[in-house]
Amino acid sequence: MEYDFRKIERKWQSYWAEHKTFEVKEDASKPKYYVLDMFPYPSGAGLHVGHPLGYIASDIYSRYKRLCGYNVLHPMGFDAFGLPAEQYAIQTGQHPAVTTAKNIARYREQLDRIGFSYDWSREVRTCDPAYYKWTQWAFLKMFDHYYDNGLGKAQPVSRLVEIFSEKGSDGVNAACGEEMHFTAEQWNAMSEKEKSGVLMNYRIAYQGVTSVNWCPGLGTVLANDEVKEGYSVRGGFPVEQKKMTQWQLRVSAYAGRLLDDLETLEWSDSLKDMQKNWIGRSQGAEMTFKAFNGDKEYDIKIFTTRADTVFGVTFMVLAPESEWVEKLTSPEQKEAVEAYLAEAKKKTERERIAETHKVTGVFSGSVAINPLTGEKVPVWISEYVLAGYGTGAIMAVPAHDSRDYAFAKTFGLPIIPLIEGCDVSESSFDAKEGIMCNSGFLNGMTVKEAIPAAIDYVEAHGIGRRKINYRLRDAIFSRQRYWGEPFPIYFKDGVATPMPEDRLPLELPEVDKFLPTESGEPPLGRAADWTYEGWPIEKSTMPGFAGSSAYYLRYMDPHNGSALVSKAADEYWRNVDLYIGGTEHATGHLIYSRFWNKFLYDLGYVCEKEPFKKLINQGMIQGRSNFVYRIVNTNTFVSYGLKDRYETTEIHVDVNIVHNDRLDTDAFRKWMPDYADAEFILEDGEYICGYGVEKMSKSMYNVVNPDMICDTYGADTLRLYEMFLGPIEQSKPWDTKGIDGVHRFLKRLWRLFYDRDGLVVTDEKATPEELKTLHKLIGKAREDIESFSFNTTVSAFMIAVNELYEHKCNKREILEPLIILLSPFAPHISEELWEALGHEGSISFASFPEYVAEYTEESVCTYAVSFNGKTRFTLDLPKSMSKEDVEGKVLAEPLSAKYIAGGRVVKVIVVPGKIVNIVVK
RNA sequence: GCGGAUGUGGUGAAAUGGUAGACACGCCACUUUGAGGGGGUGGUGGGCGUUAGCCUGUGCGAGUUCGAGUCUCGCCAUCCGCACCA
C-alpha cells in the first residue's frame, strides 16, 4: 500500500473538524498551557511558505503539550482592520469589509490545509463589532483613568477630581502632559469646560496637541513605530512632522514598569534590549536656568545626565518647537529666528535624518544665567535639540558633548574643559572618567563622584532635582482613516465626552467614499448622521495596534457579551505561556500590548502583570529567486555555466517551473507568450538557472505557495521540512531543494507499517537494539522539543527510522510510541497509522508519558571521571556499565581502541598527555 | 556612533568544554525496476597515499585548559535594531 498523503490529509482534517478535536474548555483538573501565534493581517496576496513557519512551530509545541497532559489553548484569529483593504477600497470602491472577509476565507483555507490544531470556535476578528466593543471599552476605561505616580498605578479620574477640589494640584503626583499648579479654590472656581481641559492633561487616553508623523500619501498620522527612516512602513510614503490635536495613550506613564518587568520575561536578550532601547531610561537631573530677554525674566528647565559639567556650560540651546523660543527671541533677532524656524519647518522628517551631522542654528538674542557660576551665557535655537525629549532645551557643555562641541566650533562659542589633562582641541571628551577641574566645589572628584555630588548641591539649593527621563513617548492613537474602530466619544459643547458603556459597540457607519471630505475631515465626516444625541462624534478611528493589544485576552472568553474576559476564564488561562511571532513587532505591538495589559491589571480586570511569558521570534523566510540569461536581442537563453561567453541579460524566472535550479524548458515556453518560441543553450542537456536571495514577492517570481507544496508533497512533508530547514529563530531563504529528503523519510516510515499487501506490524517482542533506538529517540526528542530545537528533532526521527528500517523492525512495541512522538510534527500520517494499529479516536488523546514510562533518566548514570584527583569531565554511561569499568583506566600510550564494558562497546581514546577520553557509542 | 546577533564542507545545518561536519540536499559509483521527482548499497571537508594510514581543517590573532567550533580578550566581515535622546 502506497503512502497516499492527499487522501490521508483530507480524511484527518475533516475528522478533526467534525469531532471538534481541538476545542478546549476551562478544566481545573488539568494544568493549562496557552500557546499563541501573532495573528495575521489577511492580505490579498494570501499566505506564502514563510508565513506558517512560526505557526508550525507553535502547533508542534501545542500538540506536544497536549500529549503531555496539558489543557492547551491554541487559538487563531485575524487582525482585520488596516490600511491595505482601505487603499483597495479607495481604488475600487469595494467595501473593506468585503475585501477583508474574502481574504480571511482564503487564509482560513490555506491554514486548514496545513493541519493546524487551532480551536477555531474561539476565532476573533478585530473588525467584528462584538470584538471591537471591547477595544472601545478599554479606551473608555483609559479615558476615565489617570496614572498616579505615587501609587504606581492607574486610578479613576473621579478620585483626581476629589483631590483637586480638596487640595488643588499639589495633592497629587500624576503623570501629565504639562505641569499644572492650581489651588483647590482655583479648581472649584473653574467652569466645566475649563475643568475638562485640565483633566484632559491627566487622562491615560487623552486628546492633545503634539508633533505628529503626518503622512500625506496615506492622509493620516502614524505612530513612531509605523515610520522607518522617514517613510511609512505601510506603503513607503514620505512622512513629515506636523503639529496636530490627536488622541494619545499615556504609555510613557508606564515606562518604568514596562522596563522593570522585562526582567521577569523569558524573551531573547536581543528583543529585551530592543525594548530597553526604545523605552530609553536615563537617569539625571532637571535644572532651572534663569533667562533674560531684555528685562523680562523666564525660567528654562533643562534635563542633563551630566550634572557634573555645569561649570562648563557656555551656551544654552532650545528646540525650534520649544515654547520658550517665542519668549526668548529678542526684537533684533526676530527676523533671523523666524527665517530659521520657517526653514526647519519645511524639512521633512527624511531630510532631517539625512542632515543630522549638518550643524544649523540661530542666536535668540537672550542670555541665561548659569545657576552655579552666575555667568551669562547666550541662548541659541537649533534643530539638534529635540522638542519631544526632556524639556526641549539643553545646557550645552561643548568640552564634554560631541554635538555641543560641533555647534560651538561652527558658531565660535567658547569651550571650557572640565577634566584634568583632557584634550579638547580636536574633539570633545565624552567619556565619563577622569578627575574634575575648573569646577569649583567639584574639583578633585572623579566624574562618578561628581555627578551625584552636583545633583545633591543642586537639590539643596533649589535649582533642580533628580529625574529619570524616558525616551518612550505617548502613543498617537487616532488615524484619519475609515477602516478602524470608531472612538466612542462625542463632543458636547465642544467637550470630549465618553458615550455610556451600554451604547457600545459604536459601529462603523456607511460612507459613500473612503476618502477625506472636501473640507479635509477624515472619511467618517461623510457618514450621514454621525452624531450622538445631536452632538458630533469623533471622526478619526483607532490605529491598527488598538485591536491587537488585548486579543490574547479575548481568546480566553471570546463569546462573552458582558465582559472582555470573565474572571473565571482569566484566572484559569492567566496569560500566554508561549508566544511566537516576528521581531518586527518588538517596539510596536509588544509594547502596546504590555501597556494595555498593565492598565487592565491596575483596574483588576486581569490577574497577570505581563501578557506573554515566553516569546520566540521566528526568523523571516526570504525568497530564493531564479534567473535565466537571455542573449541580448535574441530569444535564446543560455545556461548559467555558459553565460559568460555571451552578452546576456538576467531575467527573473518563476521559481515554480524550476527544480533544483534546473529549468523546465517546456513550462518556460508556456509561462509567458514572449517565451513561446524560446531557444535554449544547454549544458549537459539541462538548463541551469542562477539564483539569488531576495524578499519573497510577486514581482521577483519567487513566491512559493504552501498549497502547492501540500499538493505535491503533502502537509506533513511541508511541516517537517519547514522545521528541518534550520533553527526557528534564524532567517533563511526558502529553498525547495531538499524537501525530497523529508518526503522520503515519511515514505520510509510508511513502509515500516505497510508493504504491497497491507499492514505488516507484529506483536513480537522488541530486541534490546530496537529498544535502544527508540529510547535514544525519545530522550533526544523530549530534550529538543522542550528547547524548541525542532530541526534536530526531525533529524532524530530520521535517524531512528533509518535504524529501524535497516533492521526491518515492524514491531508494535516500537512503532506505537514512535508515531505518538511524531504526531506533533506530522499529525496526519501519525493519525492514520495510529488508526491502522487499531486505536479509536485521535492520537491527541493518547497520553504520552504512559508510553515512555520505561524510559527514565535512570537508564543512564553520570559519573565524574577524575584525573590526579581533579574532576576532568563527566561521563554518561548506560546503567549496565559500572563505575569500576571506567575507573583507573588511564592509559599511558596514545591509542584509539574499542573497549568492551558491561556488554556495551565503548570507544576509548587516549590522547597524548595520558588523559582518558571515553565516549559511549 | 550605540546596542544585539551571527561567522563550521558545494548547500541547509549538527556538535552538556571531550572522535568536528550528525541528519538532509547535491554529487559520484554500484544495484534494482517496463516506467516514475521510484527502491537499495557504498562513497563524499581539503591534501598526500594503491591500501593501512598520515597531515591539515570551524573568519583572523592572542589567552585560559590535559583538551576550545564551544569559554575570555582584541580585530575583521555580515545581518538586525536604535540613532542629534542631552
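Below: a short report on this structure. Model, not experiment: these values are computed from the prediction. (Residues numbered from 1 in each chain as written. Chains lettered and ligands numbered in written order. Predicted model: local features only at pLDDT ≥ 70, side-chain atom pairs only at ≥ 80, totals over all residues. Heavy atoms only, no water.)

## Digging into the overall build of chain A
Applied cut-off: Each helix is a run of H or I in the DSSP string that is no shorter than four residues. Each strand is a run of E no shorter than two, and both are numbered from the N terminus. Three labels apply to residues, based on accessible area from a 1.4 Å probe with only protein chains included: buried if under 20% of the type maximum, exposed if over 50%, partly exposed otherwise in between. In what follows, residue pairs with any heavy atoms lying within 4.5 Å of each other are defined as contacts. For accessible areas, the Shrake-Rupley method is used with a probe of radius 1.4 Å. Any residue's cover is judged against the shown protein chains and nothing else. Note that His is not counted, nor are the chain ends; the positive residues are Lys and Arg, and the negative ones are Asp and Glu. Charge positions are represented by NZ for Lys, CZ for Arg, CG for Asp and CD for Glu.
When helices and strands are counted, chain A shows 28 helices and 38 strands. For chain A, the proportion of its 921 residues judged to be buried stands at 52%. Pairs at least 24 apart in sequence give 69% of the contacts found in chain A among residues at least 6 apart. By element, 49% of the accessible surface of chain A is carried by carbon and sulfur atoms, the whole surface being about 41500 Å². If you average the places of the 106 positive and of the 131 negative side-chain charges in chain A, the two averages end up 2 Å apart.

## Here's the deal with the packing of aromatic side chains
What counts here: For Phe, Tyr and Trp, rings pair up if their centres lie within 6.5 Å, where Trp contributes its six-membered ring, and each pair is then called stacked (planes under 30 degrees apart), edge-to-face (over 60) or tilted (otherwise). Throughout this description, the term charge over a ring refers to an Arg CZ or Lys NZ atom that lies within 6 Å of the ring centre and within 35 degrees of the ring normal.
Applying the stated criterion to the full structure yields 63 aromatic pairs. Relative to Phe 411, the ring of Phe 407 has its centre 4.7 Å away and its plane inclined at 50°; by these criteria the two rings are tilted. Of this pair, Phe 407 and Phe 411 are both found in helix H14 (residues 402–411), four residues apart, which corresponds to roughly one turn of the helix. Centre to centre, the rings of Phe 668 and Tyr 675 are 4.6 Å apart; their planes meet at 10°, and the pair counts as stacked. Summarising the burial analysis for this pair, Phe 668 and Tyr 675 share the class buried. Among the aromatic residues, ring-to-ring pairing joins Tyr 33, Tyr 61, Tyr 64, Tyr 70, Phe 788, Phe 790, Phe 797 and Phe 825 into one connected group. When the ring centre of Trp 16 is taken as reference, the NZ or CZ atom of Arg 63 above it lies at 4.8 Å. One Lys or Arg, Arg 108, reaches over the ring of Trp 120 and ends 3.9 Å from the middle of that ring.

## Let's talk about the pairing of strand E1 (residues 32–37)
Using the following cut-off: Strands are treated as partners if at least two bridges between them are detected by DSSP. Call a crossover right-handed when, viewed with both strands pointing away from you, the route from the first strand across the helix to the second goes clockwise.
Of all six residues in E1, six are buried, a share of seventy percent or more. Here E1 shows a buried face lined by Lys 32, Tyr 34 and Leu 36 and a second buried face lined by Tyr 33, Val 35 and Asp 37. Pairing analysis gives three bridges linking E1 to strand E2 (residues 71–73), with the strands arranged parallel. The partner of Lys 32 across the bridge, within E2, is Asn 71. On the question of chirality, the crossover connecting E1 to the parallel E2 by way of helix H2 (residues 52–67) is right-handed.

## Section: the nonpolar core
The condition is simple: In this description, a nonpolar core means a group of buried Ala, Val, Leu, Ile, Met, Phe, Trp, Tyr and Cys residues linked to one another through side-chain atoms lying within 4.5 Å.
The biggest cluster of nonpolar side chains holds 179 residues, and the ones touching the most others in it are Leu 249, Phe 477, Leu 749, Phe 753 and Phe 790. Those residues in contact with Phe 790, other than ones at most four positions away along the chain, are Ala 57, Ile 60, Tyr 61, Met 723, Ile 728, Asp 784, Ile 785 and Phe 825.

## Observations concerning the pattern of salt bridges
The condition is simple: By definition, a salt bridge exists where a carboxyl oxygen of Asp or Glu is found within 4 Å of a side-chain nitrogen of Lys or Arg.
One pass over the full model with this rule turns up 43 salt bridges. For Asp 666, the salt bridge is made with Arg 669, and the minimal N-O distance between the two is 3.7 Å. Highlighted residues: Asp 666 and Arg 669, both in helix H20 (residues 665–671), separated by three residues, approximately one helical turn. The structure contains a network of salt bridges with shared partners spanning Glu 179, Glu 286, Arg 465 and Lys 467.

## Notes on helix H26 (residues 812–822)
Most of H26 sits inside the fold, with nine of its 11 residues counted as buried. When we look at burial in H26, the residues that qualify are Ile 814, Leu 815, Glu 816, Pro 817, Leu 818, Ile 819, Ile 820, Leu 821 and Leu 822.

## Comments concerning the packing of helix H24 (residues 768–786) against helix H25 (residues 790–806)
As a reminder of what qualifies: Helix axes use the C-alpha atoms of the stretch in contact, all axes being lines fitted to C-alpha atoms, and the angles between their N-to-C directions lie in the range 0 to 180 degrees. Between 65 and 115 degrees an angle is taken as roughly perpendicular, under 35 as roughly parallel, over 145 as roughly antiparallel, and anywhere else as oblique. Residues were grouped as follows: Ala, Val, Leu, Ile, Met, Phe, Trp, Tyr, Cys and Pro as nonpolar; Asp, Glu, Lys and Arg as charged; and all remaining residues, including Gly, as polar.
Packing of H24 against H25 brings their axes to within 9 Å, and their N-to-C directions diverge by 170°. For the element pair H24 / H25, the angle class is roughly antiparallel. Of the residues in H25, those in contact with Thr 773, Lys 776, Leu 777, Lys 780, Ala 781, Asp 784 and Ile 785 of H24 are Phe 790, Thr 792, Thr 793, Ala 796, Phe 797, Ala 800, Glu 803 and Leu 804. Tallied by class, residues from the contact of H24 with H25 come to eight nonpolar, three polar and four charged.

## A word on the side chain of Lys 272
Where we set the bar: Here a polar contact means two N or O atoms within 3.5 Å. Within protein one must be a hydrogen donor candidate and the other an acceptor candidate, and residues neighboring in sequence count only if both atoms are side-chain atoms.
Structurally, the position occupied by Lys 272 is in helix H10 (residues 269–279). Separated by 3.4 Å, the side chain of Lys 272 and the backbone oxygen of Leu 262 make a polar contact. At 2.8 Å, the side chain of Lys 272 and the backbone oxygen of Leu 265 are in polar contact. The residues contacting Lys 272, other than those within four sequence positions of it, are Leu 262, Glu 263, Leu 265 and Trp 267.

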